[in-house]
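# Inside the fold
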Amino acid sequence: MQPDFEHPIRRISTRIAYESPYMRLREDRIVRLDDSEGVYTYVDKPDFALVIAVENGGFHLVEQYRYPVRSRSWEFVQGSLPGLVAGDPEPLARQELLEETGITAGVMRHLGRLNCATGMSSQGFDVFVASELSHGEAAREVEEQDLRQRWFSRAELEDMIRDGVVTDDSTLAAYTLFLLLTSAA
């Protein structure tokens, strides 16, 4: 029998080792190509939407405290539905943009889909570019009470990336996708 290099690991069983309202830690018993058995443990989270809000040649970012790394982080707007629920990514993107910034997008363009932390998580995300923006009041969740928002020029954003101020992997990957797929910033 030929080895299946496309799918070299086969799941025998799965169990939830831990669950919270935000994530599951899943433990799968597996069989590898050489028929050896093992355990693969990973974070199982619903996908999220990330929004690059573009206006006047620059971008709206949010800054919030990220507990796992014990520091504040400048990022593009991003979020998932509560309760481990999966949903349609465009309405989710619109909802997150409005909640976190008070901005409504006249145009929401899907740029693509990316995965994050593929060695330890099932989570992926859809990247959107929001334009034709209208400004209003943010309606932040309790977890976002420390959130700040600000518009940055493209040069400022790129300086922040170079200087190690912007380190969020999803923001950096989405910005790369933005640069590759759009001609106007």
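Structure report, in brief. Remember, predicted model here, so these are calculated numbers, not experimental data. (Residues numbered from 1 in each chain as written. Predicted model: local features only at pLDDT ≥ 70, side-chain atom pairs only at ≥ 80, totals over all residues. Heavy atoms only, no water.)

## As for the overall build of the protein
Within the protein one finds three helices and ten strands. The helix and strand sequence of the protein, counted from the amino end, reads β-β-β-β-β-β-β-α-β-β-β-α-α. Principal-axis analysis of the C-alpha atoms places the extent of the protein at approximately 60 × 35 × 30 Å. The 185 residues of the protein split such that 39% are buried. Considering only intrachain contacts with a sequence separation of at least 6, the fraction spanning at least 24 residues in the protein is 59%. (Helix = DSSP H or I, 4+ residues; strand = E, 2+ residues; numbered from the N terminus. Buried < 20%, exposed > 50% of the residue type's maximum accessible area, 1.4 Å probe, protein only. Contact = heavy atoms within 4.5 Å.)

## A few points about the nonpolar core
With 21 residues, the main nonpolar core has Leu-50, Ile-52, Phe-59, Phe-76, Val-127 and Phe-178 as its most contacted residues. Put simply, the parts of the chain that give this core at least two residues each are β4 (48-55), β5 (58-66), β9 (124-135), α2 (154-162) and α3 (169-181). Once residues within four sequence positions are removed from consideration, Leu-50 is found in contact with Phe-76, Val-77, Gln-78, Phe-125, Asp-126, Val-127, Phe-128, Ser-170, Thr-171 and Ala-174. (Core = buried A, V, L, I, M, F, W, Y, C linked by side-chain atoms within 4.5 Å.)

## Examining unusual backbone geometry
Of note, Asn-56 is a non-glycine position whose phi angle comes to about 50°, a positive value. One can find Asn-56 in the loop between β4 and β5. Note on Asn-56: relative accessible area 71%, which makes it exposed.

## Here we look at the packing of aromatic side chains
Within the structure shown, the criterion is met by eight aromatic pairs. Ring centres of Phe-48 and Phe-125 lie 4.7 Å apart, and the angle between their planes is 10°; this geometry places the pair in the stacked category. Here the residue Phe-48 occupies a position in strand β4, and Phe-125 occupies one in strand β9, the gap between them amounting to 77 residues. The class for Phe-48 is buried, based on a relative accessible area of 7%. In this structure Phe-125 comes out as buried when scored by relative accessible area, which is 1%. When the centroid spacing of 6.4 Å and the interplanar angle of 40° are considered together, the rings of Phe-76 and Tyr-175 count as tilted. Taken together, the residues span a long stretch of sequence, with Phe-76 in the loop between β6 (71-75) and β7 (77-79) and Tyr-175 in helix α3 at a distance of 99 residues. Residue Phe-76 is classed as buried on the basis of its relative accessible area, which comes to 0%. Taking relative accessible area as the criterion, Tyr-175 reaches 4% and is therefore assigned buried. (Phe/Tyr/Trp six-rings, centres within 6.5 Å; stacked < 30°, edge-to-face > 60°.)

## A few points about the environment of Val-54
Residue position: Val-54 is located in strand β4. Its relative accessible area of 15% is what places Val-54 among the buried residues. Along the chain, Val-54 and Ser-20 lie 34 residues apart, while their C-alpha atoms are 34 Å from each other.

## Quick notes on the sheet that holds strand β2 (residues 24-31)
On the basis of which strands lie adjacent, the open sheet formed by three strands has the order β1-β2-β3 and antiparallel pairing. The open sheet has two edge strands with one neighbour each: β1 (10-19) and β3 (37-44). The average undirected angle you get between the axes of adjacent strands in this sheet is 25°. Looking at chain direction, β2 and β3 are connected through eight bridges and run antiparallel. Paired with Arg-26 across the strands is Tyr-42, a residue of β3. (Pairing = 2+ DSSP bridges. Axes fitted to C-alpha atoms, helices over the stretch in contact; angles between N-to-C directions.)

## Quick word on α3
Taking 1.5 Å of rise per residue, the 13 residues of α3 would be expected to cover 18 Å, and the 18 Å separating its terminal C-alpha atoms lies within 8% of that figure. Of all the residues in α3, the buried ones are Ser-170, Thr-171, Ala-174, Tyr-175, Leu-177 and Phe-178. An end-on view of α3 places all buried positions within 160° of arc, on one side of the element. (Expected span 1.5 Å × (residues − 1). Arc of directions from axis to C-beta.)

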